[in-house]
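Report on the structure
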Amino acid sequence: MTPWFLLFGGLVVVGALGAMALRNPVHCGLSLVVTFVGLAGTYLDLGADFLGLAQILVYVGAVAILLVFVMLLTRTGRGESPEVRPGGWWWGGLVAALVAVGLVGALASVSGWKPRSEPMTFPTVRDLGVALMTDFVLPLQLVGVVLTAAMIGAAILALPERRGGRVGRTPKGEEPEQ
Amino acid sequence: MNPAQPYLFLAAALFIIGMAGALARRNAILALVGIELMLNAANLSFVAFWRHGPHPDPQTGLMFALFSIAIAGAEAAVGLALIIALFRHRRSVSLEAAESLKG
């Protein structure tokens, strides 16, 4: 356990607690950024350089920005009170505590851990690129297909609907039922 | 205490916080944030096992985490598009606004 682990681990836990417990959704999004940066630091501390930078690019640069944009797009003006459903923390805390007992019990009872026999060789970005283009080329192509499908699907879902469009959709400008 | 254990405990803490939040928050965006936290916890354990596991392969664990990040990006995009569609129909991102399938 290194000082870096304590620093970044602290960032991760504090940021996650803030992201889940703060009242203002935008503050939650910014607290999430702290968690992602802490995780990127933990990856760097573990020796996964490229993964740490990818974490910053993908999560801080894309996912967190997207989250904040959607928060701003879906503001109604009237306060969404209360932010937590009635009894929500009780139920969520109960389920999470049960999972915690299972996970921590399993982790604490690990035995017979074999240390690495030979010293670790850290792959460079070049090694990773070569591996992606040779051994992992099929998964890489499949991920490309998945990302394309997700992008098209997200655009279709988020596009404004046309009048007389698909059945069961609310025309624009009308108040939805209920 | 094996060297991967602190990281695994950190991943467990992250997973539990995300799960409690995803179950408790009423805002659909913040439930999605909780799911993102759980995904990141899984990623952290991948990297910890890659670094400290007994298997000598230097790349496979990293690749696992890398592909997992890509899939998480797709998941966030689709989830947020769904939230925008929900907001367009119900004028709210509260999860209780999406209860028309309730029996």
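Our subject is the structure that appears above.
The structure reproduced in this document is the subject of the present report. Quick caveat, the model's predicted, so the values are computed rather than measured.

What counts, and where the lines are drawn
- Residues numbered from 1 in each chain as written.
- Chains lettered and ligands numbered in written order.
- Predicted model: local features only at pLDDT ≥ 70, side-chain atom pairs only at ≥ 80, totals over all residues.
- Heavy atoms only, no water.
- Helix = DSSP H or I, 4+ residues; strand = E, 2+ residues; numbered from the N terminus.
- Rg over C-alpha atoms; globule rule 2.2 N^0.38 Å.
- Contact = heavy atoms within 4.5 Å.
- Areas by Shrake-Rupley, 256 points an atom, 1.4 Å probe, with all protein chains shown as cover.
- Polar contact = N/O pair within 3.5 Å; in protein donor to acceptor, adjacent residues only side chain to side chain.
- Buried area = accessible area lost by both parts, 1.4 Å probe.
- Salt bridge = Lys/Arg side-chain N within 4 Å of Asp/Glu carboxyl O.
- Core = buried A, V, L, I, M, F, W, Y, C linked by side-chain atoms within 4.5 Å.
- Buried < 20%, exposed > 50% of the residue type's maximum accessible area, 1.4 Å probe, protein only.
- Phe/Tyr/Trp six-rings, centres within 6.5 Å; stacked < 30°, edge-to-face > 60°.
- Lys NZ or Arg CZ within 6 Å of the ring centre and 35° of its normal.
- Expected span 1.5 Å × (residues − 1).

1. Quick word on the overall build of chain B
Scanning chain B from N- to C-terminus turns up three helices and zero strands. In sequence order, the secondary structure elements of chain B are arranged as α-α-α. Radius of gyration (C-alpha) of chain B: 17 Å, far over the 13 Å computed for a compact globule of 103 residues. Taken along the three principal axes of its C-alpha coordinates, chain B extends 50 × 25 × 20 Å. Across chain B, the fraction of contacts at a sequence separation of at least 24, relative to all contacts at a separation of at least 6, is 60%. Summed over its atoms, the accessible surface of chain B is roughly 3,700 Å², and 72% of this surface lies on carbon and sulfur atoms.

2. Digging into the side chain of Arg90(B)
All names here are of chain B. Along the chain, arginine 90 falls in helix H3 (residues 60-90). Polar side-chain contacts of arginine 90 include one of 3.0 Å to the backbone oxygen of alanine 97. In this structure the side chain of arginine 90 is engaged in a polar contact, spanning 3.2 Å, whose partner is the side chain of serine 100.

3. Remarks on the interface of chain A and chain B
Between chain A and chain B, the residue contacts involve 91 residues of the former and 76 residues of the latter. Summed over both sides, the interface between chain A and chain B buries roughly 7,400 Å², with carbon and sulfur atoms accounting for 74% of that surface. For the chain A face of the interface with chain B, the top three residues by lost area are Met20(A), Leu46(A) and Trp113(A), together amounting to 11%. Counting across the interface, chain A meets chain B through zero salt bridges. The tally of links from chain A across to chain B stands at nine residue pairs in polar contact (both at pLDDT 80 or more). For the side of chain A that touches chain B, the element with the highest residue contribution is helix H3 (residues 49-73) of chain A, accounting for 12 residues.

4. Some remarks on the nonpolar core
Judged by nonpolar contacts, the single largest core of 60 residues is most densely connected at Leu51(A), Leu67(A), Val47(B), Met63(B) and Ile83(B). Among the secondary structure elements, those contributing two or more residues to this core are helix H1 (3-21), helix H2 (25-46), H3 and helix H5 (125-133) of chain A together with helix H1 (5-24), helix H2 (28-52) and H3 of chain B. The leading source of residues in this core is H3(B), at 13 residues. Sequence-distant contacts of Leu67(A), that is, excluding residues within four places in its chain, are made with Leu32(A), Ile29(B), Leu32(B), Val33(B) and Leu80(B).

5. Focus on the pattern of salt bridges
Two side chains of opposite charge can pair, provided their charged atoms sit close to one another. Residues and elements named next belong to chain B. The tally for this structure, following the rule as stated, stands at one salt bridge over all chains. A salt bridge links glutamate 96 to arginine 26; its shortest N-O distance comes to 2.6 Å. Separated by 70 residues along the polypeptide, glutamate 96 in the segment after H3 and arginine 26 in the loop between H1 and H2 bring together distant segments of the chain. Overall, the relative accessible area of 32% leaves glutamate 96 in the partly exposed class.

6. What to know about the environment of Arg162(A)
Assignment of secondary structure puts Arg162(A) in the segment after helix H6 (137-158). It is 49 Å that separates the C-alpha atoms of Arg162(A) and Leu103(A), two residues lying 59 residues apart in sequence.

7. Some points on the packing of aromatic side chains
Taken as a whole, this structure holds six aromatic pairs over all chains when the rule is applied. For the ring pair Phe5(A) and Tyr7(B), a centre distance of 4.7 Å and an interplane angle of 70 degrees mean the geometry is edge-to-face. Remark: Tyr7(B) occurs in helix H1 and Phe5(A) occurs in helix H1; the pair is interchain, linking two chains. Taken as a pair, Phe5(A) and Tyr7(B) share a single burial class, namely buried. Note that Arg91(B) overlies the ring of Phe87(B), its terminal NZ or CZ placed 5.7 Å from the centroid.

8. Focus on H1(A)
If you check H1(A), its first and last C-alpha atoms are 27 Å apart, about what 19 residues at 1.5 Å a residue would give, namely 27 Å. Taken together, the buried positions of H1(A) are Phe5(A), Phe8(A), Gly9(A), Val12(A), Gly15(A), Ala16(A), Gly18(A), Ala19(A) and Met20(A). Residues of H1(A) that are buried make contact with H2 and helix H4 (88-108) of chain A together with H1 and H2 of chain B.

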